[in-house]
Amino acid sequence: MGEDKFILSLDEGTTSARAIVFDRESNVRGIGQYEFPQHYPRPGWVEHRPDEIWEAQMRAIRTALERAGIGPEQIAAIGITNQRETTIVWDRETGRPVYNAIVWQCRRTAEMVEEIKREYGDVIKEKTGLVPDAYFSASKLKWLLDNVPGLREKAERGEVLFGTVDTFLIYRLTGEHVTDYSNASRTMLFNIKRLDWDDELLEIFEIPEGILPEVRESSEVYGYTKRELLGSEIPVSGDAGDQQAALFGQAAFEAGMVKATYGTGNFILANTGKTVRYSDNLLTTIAWGLNGKVTYALEGSVFITGAAVQWLRDGIRIIKSAGETEELARKLESNEGVYFVPAFVGLGAPYWDQFARGLIIGITRGTGREHLARATLEAIAYLTRDVIEEMERLVGVKELRVDGGATANDFLMEFQANILGKPVIRPVVKETTALGAAYLAGLAVDYWGGMEEIRDLWKAERIFEPKMDAETRERLYRGWREAVKRALGWAKVTGT
Ligand SMILES: Nc1ncnc2c1ncn2[C@@H]1O[C@H](COP(=O)(O)OP(=O)(O)O)[C@@H](O)[C@H]1O
Ligand SMILES: O=P(O)(O)OC[C@H](O)CO
């Protein structure tokens, strides 16, 4: 393969679709990124139009190639990584969606899941590793089959197909109906030990098996792009959910290695190797399938972190840009007793309380916007520690590899190291999610020689060492846990 070949990574997120061209040294050569509309047809409901995702993704590809100054024939392979769980059903013949995508954040099936959980909660946890929640695909797919007129019959006749966003994109790009282990493990229909769609779960959720994609490894050629799309038949050879791809992009290949991605929410994943480990308050998930083996992970999903910074900017408008929080936070020596629990949509891991709501506590006459800014950044670090505390019961955590938009905030990174009492390591390449998918795609076509080569490409940009004494750290953290206690169940108290 000549030196002029590149890998194209498609990172289809919750709010935007990105395409990134990487070279052999994993440098970014070109990026295209386009947002697409969010649809909120009712309170708590979140939808995307699959065609809007598709168009944003295709535009992003064209821009990325243009900025990299390369043609499609110079792409050795395409890797896909995606917002997970989001559920799409489309017509097998035309590829046309039968309904909008139901997004992972959508709460429309919360009650359905509560009911199913009462009877089958333990079975679901044992088979899928997941804490039953409307977050995952199963109840969303059931909702579509139950509510879109005629859909169940069409599904039974094999006229429609289901997929998460990776599957939808691969289908449109290549005509193949596939997903990978990591994405399948987020549907709540996949048996993560037997590595198969689970008959009992399909029965519980009334899903006809024929509409499900074939589950493949995260790194293998699934198909080739249709010539009319990009003018070239390019192998699509990498597929992983975005959080798992980030773990891969961080070269966290050994059991015990942990990464945290700081975006709208925080997603903390610990590689647990070949062992399936269960924790009451964390998710057990598949990290990837590679070379005939499946690697497992423990995950803590924190729904709101960077979104709380956005709220300071767009909601109560006390800052103009997310970055301003750093300067404000540094004006104070400490939080002076002010805590902010950003439980806007309840709390995810490790609390799993749908009824928790946000609170700001410890306010005095002296409290100003710098306290709120600092309390917001501190909350992100505390929420991350909450998850890592749980992980530590099962795996030793030596250090934390970080990525995502909010890791640009040095105050946050310093505070994170202090509150964990562990080093926090920020890599040179911040596009870890896209990079992970690129690595998976590249490995399948021998663009990179193997995991060793990738491990050598990973480089730390900065290591934040903990500097806080243990007594202060634990005192501050105790305050946080007390604040959280006061936020739990609040929507039940107020009936909202
Ligand atoms: N310097 C910063 N300090 C704190 N938060 C930040 C900073 N820069 C970005 N953010 C937050 O990070 C998030 C964007 O990160 P990104 O990785 O692009 O997220 P996503 O992929 O979930 O959209 C936003 O919620 C934003 O508020
Ligand atoms: O789109 P992101 O990056 O916020 O990630 C969403 C997660 O995959 C949801 O599980």
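A quick note: this is a predicted structure, and the numbers were derived from the prediction, not measured.

S.K.: Describe in detail the site of ligand 2, supporting the description with residues and values.
M.R.: Taken together, Gly13, Thr14, Gln83, Arg84, Glu85, Trp104, Tyr135, Asp242, Gln243 and Phe267 make up the full set of residues adjacent to ligand 2. Contact distances for ligand 2 include 2.5 Å between an oxygen atom and a side-chain N or O atom of Thr14. For ligand 2, an oxygen atom lies 2.7 Å from a polar atom in the side chain of Tyr135. Of the residues belonging to the shell around ligand 2, the class tally is three nonpolar, four polar and three charged.

S.K.: Account for the UniProt feature "domain: Carbohydrate kinase FGGY C-terminal" (unreviewed entry) in the chain, with residues named and values stated.
M.R.: Per the UniProt record, "domain: Carbohydrate kinase FGGY C-terminal" (unreviewed entry) is annotated on residues 259-444. Along residues 259-444, the helical share is 35% and the strand share 24%, with 24 Å between the first and last C-alpha atoms.

S.K.: Which residues make up a negative patch on the surface, and what values do they have?
M.R.: Together, Asp196, Asp199, Glu203 and Glu209 line one region of the surface with negative charge. Mapped onto the secondary structure, Glu209 falls in the loop between helix H7 (199-204) and strand E12 (214-216).

S.K.: Which residues make up the layout of surface pockets, and what values do they have?
M.R.: Its boundaries defined by the atoms lining it, the second largest pocket holds a volume of some 170 Å³. In terms of lining, the second largest pocket is formed by Phe253, Lys274, Trp288, Leu290, Asn291, Lys293, Thr295, Met451 and Arg455. Elements that contribute at least two residues to the lining of the second largest pocket include exactly strand E17 (283-290), strand E18 (293-302) and helix H15 (451-457). Split by residue class, the lining of the second largest pocket holds four nonpolar, two polar and three charged.

S.K.: Outline the pattern of salt bridges, supporting the account with residue identities and numerical values.
M.R.: Counted under the stated rule, the structure contains 44 salt bridges. Its salt-bridge partner being Glu200, residue Lys127 comes within 2.8 Å of it at the nearest N-O pair. Within this pair, whereas Lys127 is found in helix H2 (residues 110-128), its partner Glu200 is found in helix H7, the two being separated by 73 residues in sequence. Here Arg393 makes a salt bridge to Glu390, at a shortest N to O gap of 3.6 Å. Among the residues examined, Arg393 registers a relative accessible area of 64% and is labelled exposed. Glu390 gets classed as buried once you look at its relative accessible area, which sits at 11%. One network of salt bridges, with partners in common, ties together Glu326, Arg330, Asp410, Glu414, Arg426, Lys430, Glu461 and Arg462.

Criteria and thresholds
Residues numbered from 1 in each chain as written. Chains lettered and ligands numbered in written order. Predicted model: local features only at pLDDT ≥ 70, side-chain atom pairs only at ≥ 80, totals over all residues. Heavy atoms only, no water. Near = heavy atom within 4 Å. Polar contact = N/O pair within 3.5 Å; in protein donor to acceptor, adjacent residues only side chain to side chain. Nonpolar A, V, L, I, M, F, W, Y, C, P; charged D, E, K, R; others polar. UniProt positions renumbered as here; feature names shortened; annotations may be inferred. Helix = DSSP H or I, 4+ residues; strand = E, 2+ residues; numbered from the N terminus. Patch = residues over 30% accessible without salt bridge, like charges linked within 9 Å, V, L, I, M, F, W, Y side chains within 5 Å. Areas by Shrake-Rupley, 256 points an atom, 1.4 Å probe, with all protein chains shown as cover. Salt bridge = Lys/Arg side-chain N within 4 Å of Asp/Glu carboxyl O. Lys, Arg positive; Asp, Glu negative; His and termini not counted. Charge placed at Lys NZ, Arg CZ, Asp CG, Glu CD. 1 Å grid on protein atoms, 1.4 Å probe; cavity = no way out; pocket = protein on both sides within 12 Å on 5 of 7 lines; lining within 4 Å. Points joined across faces, edges and corners; volume = space filled by probe spheres on them. Buried < 20%, exposed > 50% of the residue type's maximum accessible area, 1.4 Å probe, protein only.

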